[in-house]
Amino acid sequence: MARKHSKYDAYEASPAGDEPPVAVACCWLCGRPTGKTIVWHHPIPKSRGGRDVVPMHPICQQTVTANFTNSELERHGMDVAGLLADPAVRKFVDWVAKKDPDFTATTTKKQR
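All of these numbers come straight from a predicted model, not from anything done at the bench. (Residues numbered from 1 in each chain as written. Predicted model: local features only at pLDDT ≥ 70, side-chain atom pairs only at ≥ 80, totals over all residues. Heavy atoms only, no water.)

Draft legend 1. Here's a closer look at the environment of Ser71. Within the secondary structure, Ser71 sits in helix α2 (residues 70–76). With relative accessibility at 26%, the residue Ser71 sits in the partly exposed group. Separated by 23 residues in the primary sequence, Ser71 and Arg48 have C-alpha atoms spaced 7.8 Å apart. (Helix = DSSP H or I, 4+ residues; strand = E, 2+ residues; numbered from the N terminus. Buried < 20%, exposed > 50% of the residue type's maximum accessible area, 1.4 Å probe, protein only.)

Draft legend 2. View of the pattern of salt bridges. One pass over the full model with this rule turns up 2 salt bridges. A salt bridge links Glu74 to Arg48, with the nearest nitrogen and oxygen atoms 3.5 Å apart. With Glu74 in helix α2 and Arg48 in the loop between β1 (39–41) and β2 (54–56), this residue pair connects regions lying 26 residues apart in the sequence. Here Glu74 falls in the partly exposed class, since its relative accessible area comes to 36%. What makes Arg48 partly exposed here is its relative accessible area of 39%. (Salt bridge = Lys/Arg side-chain N within 4 Å of Asp/Glu carboxyl O.)

Draft legend 3. Just the nonpolar core, in detail. Counting 17 residues, the largest nonpolar core has Leu29, Met56, Cys60, Phe92 and Val93 as the members making the most contacts within it. Of all the elements in the fold, those that place two or more residues in this core are β2, α1 (58–67), α3 (80–84) and α4 (87–96). When near neighbours in sequence (up to four residues on either side) are disregarded, Phe92 contacts Leu29, Ile59, Cys60 and Thr63. (Core = buried A, V, L, I, M, F, W, Y, C linked by side-chain atoms within 4.5 Å. Contact = heavy atoms within 4.5 Å.)

Here you go:
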């Protein structure tokens, strides 16, 4: 059931002092601030018992899943340095560092 009366008038903005400052999360892989879209990624896949999630850009998450299998991700765990040791991922992170936080593009699959 809808309220008849709101705490704030419909034509009046809410007081700015009531809202805490918004903290911007940083991407787990590239370290850039996240944009409008945040993907909550499981560094250890759920199928392998992973429960922790980390914030990532969609393009960074696509790159990780394109370059590593679930068993490889399980071996690396929460160690982002292990993922960055891969030359393809390091090349991607260096390239995307200059892009806007909301930048998105298609990623190529790793040839196995």
